[in-house]
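Understanding the architecture of this molecule
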Amino acid sequence: MKMTLKTVDRIEVVDALRGIALFAIVIVHCLEHYNLYYIPDDYPQWLTSLDKGIWDTIWFIMAGKAFSTFSLLFGFSFYIQFRNAQKRGIPFKGRFVWRMFLLLMFSQLHSLFYNGDILLLYAVMGLFLVSVSHLSTRKILIIASLMIIQPIEWIRVICSLYDVPFLEYGEHWMKYGALAKPVMQSGSFFEVVQSNITYGQLYGNLWQIENGRIFQIGGLFLFGMIAGRLSLFKNIPHSISLWKKITLWSALLFIPLNVARMVYPDIAQGNKALLMPLDIAIPSICNFLFMGLLVGCFILLWYDKGNGYKFQRLFIPFGKMSLTNYITQSIIGITLFYGFGFNLYKSTGATACLFIAIIIFVVLFAASNLWLKKHRQGPLEWIWKKLTWIDFKNKKYDE
């Protein structure tokens, strides 16, 4: 029997948030030259100073926060899909596991071009979402909070203080980065692809594992699911009140922790065993709190207008095609910065990179608008959805 289901209205503030987070990710990636770090040394002093100011500002506002917002919304999307499936009486846990396998395939496509892919860890940690989705909101909140504070790193800190041996890690990614960098600098396109299949995957994924991204992603996914359960992205008095509290407490807690981030290197006095876990744990918490502040302000501003200000709504189409745009911006970026393409990494400081990021955004924004005039989803989003429900040939589902 053919089943036709009513279209589920999208929550536009989530699309806008996802879009602005992805734009910030593009900016950060451009500053990093897509993992090909290089600072021009032949710039005039005024431009070097300007570059430093832009780099420091962008790093403070966006680095870690854009990724955190993107991860939070991934957890929220899982909740929406799970809830919609429940309403229709459709078993979804197994389907979501299959969906994560498909995401893993997208990650491998992305990794051919860019060795800083995050989708592989998303796919793996998505299975964690499924495994805890039956728990109460209170239990999930406790687990999420524990993951965000990076418990393993605090165990390392304690072990370091009391000279107790503990598993050493933190720099294994560097040897693979050293192998990948010359290929990014001067290799052909096919050499870059070959490198990314081997060294690049190890470089990017080991860096993320050794820098606390597993716990960070897991915690953010869970907080996103909690946001869904508490209806935090709806314009209702309950959610507005909660966002005001979240924004306030995020700001109040961020200030002392950010001060701690500035002073603990002096206190540690070069003790590498102590510095390495602190360099993971404290920035992870700071980024989470600052993200809470930014997301809270964005949402409160959105609903203060009723349905978002024009500058906020600008990011909706970019966010609706986030998977397509995420992979496409990497292909554009490596073509601009790597040796096989325009080789711009040698001549672009932070100022130039910021302008390049804006140009990439404008191009993808225009393409997204044109595409969405005729289609409901981006091309990769459409493929992902169709493959997710591949065996439901006679049914129509709207996620």
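Structural data are supplied above this passage.
Values in this document were obtained by computation on a predicted structure and should not be read as measured data. (Residues numbered from 1 in each chain as written. Predicted model: local features only at pLDDT ≥ 70, side-chain atom pairs only at ≥ 80, totals over all residues. Heavy atoms only, no water.)

1. Some details on the packing of helix α3 (residues 65-87) against helix α5 (residues 119-132)
Quick reminder of the rule: Helix axes are fitted only over the stretch in contact, all axes being lines through C-alpha atoms; the angle between N-to-C directions runs from 0 to 180 degrees. Counting from the N terminus, the helices are the DSSP runs of H or I reaching at least four residues and the strands are the DSSP runs of E reaching at least two. Under this scheme an angle from 65 to 115 degrees is roughly perpendicular, one under 35 degrees roughly parallel, and one over 145 degrees roughly antiparallel; angles in between are oblique. For any pair of crossing helices, the crossing counts as left-handed if the nearer helix is rotated counterclockwise from the farther one by less than a right angle, and right-handed if it is rotated clockwise. Whether two residues are in contact is decided by their heavy atoms, any of which lying within 4.5 Å being enough.
In contact at an axis separation of 11 Å, α3 and α5 are set at 45° when each is read in the N-to-C sense. Relative to α5, α3 is oriented oblique. Once α3 is placed against α5, the crossing between them reads as right-handed. Across the interface between the two elements, F67, F70, S71, F74, G75 and F78 of α3 pack against Y122, L129 and V130 of α5.

2. A short note on helix α12 (residues 272-305)
We apply this condition: Multiply 1.5 Å by the residue count of a helix minus one, and that product is the helix's expected span. Two axes are fitted around each residue, one to the seven residues ending there and one to the seven starting there, and the angle between them is reported as the bend at that residue. Burial here depends on accessible area, computed with a 1.4 Å probe over protein chains only, as a share of the maximum for the residue type. Under 20% is buried, over 50% is exposed, and the range in between is partly exposed.
Under the 1.5 Å per step criterion, the end-to-end length of α12 is 49 Å for 34 residues, consistent within 8% with the ideal 50 Å. The largest bend in α12 comes to about 25°, at L278. Taking burial as the measure, the 34 residues of α12 include 24 buried ones, the bulk of the element. Residue G306 follows α12 closely and has a positive phi angle near 110°.

3. Some words on the environment of Y169
The topology assignment puts Y169 in the loop between α7 (151-161) and α8 (172-186). Under the relative-accessibility criterion, Y169 is labelled buried at 18%. On a C-alpha basis, the gap between Y169 and N211 in space is 9.3 Å, while along the polypeptide they are 42 residues apart. Those residues in contact with Y169 that lie beyond four places of it in its chain are I152, E153, R156, E210 and M276.

4. What about the packing of helix α4 (residues 93-111) against helix α17 (residues 379-388)?
Where we set the bar: The nonpolar class holds Ala, Val, Leu, Ile, Met, Phe, Trp, Tyr, Cys and Pro. Asp, Glu, Lys and Arg form the charged class, and all remaining residues, Gly among them, are polar.
In the contact formed by α4 and α17, the axes pass within 9 Å of each other and the chain directions differ by 140°. In terms of axis orientation, α4 runs oblique to α17. α4 and α17 meet at a crossing whose hand is right-handed. Contacts between α4 and α17 involve R95, W98, R99, M100, L102, L103 and F106 on the former and, on the latter, L380, I383, W384, K385, L387 and T388. Counted by class, the contact of α4 with α17 contains nine nonpolar, one polar and three charged residues.

5. Things to note about unusual backbone geometry
Most peptide bonds are trans, and most residues other than glycine sit at a negative phi. If you check the backbone angles, H33 has positive phi at about 55° while not being a glycine. Among the structural elements, H33 can be located in the loop between α1 (12-31) and α2 (45-61). In this structure, Y34 is a non-glycine residue whose phi angle is positive, near 55°. On the secondary structure map, Y34 appears in the loop between α1 and α2.

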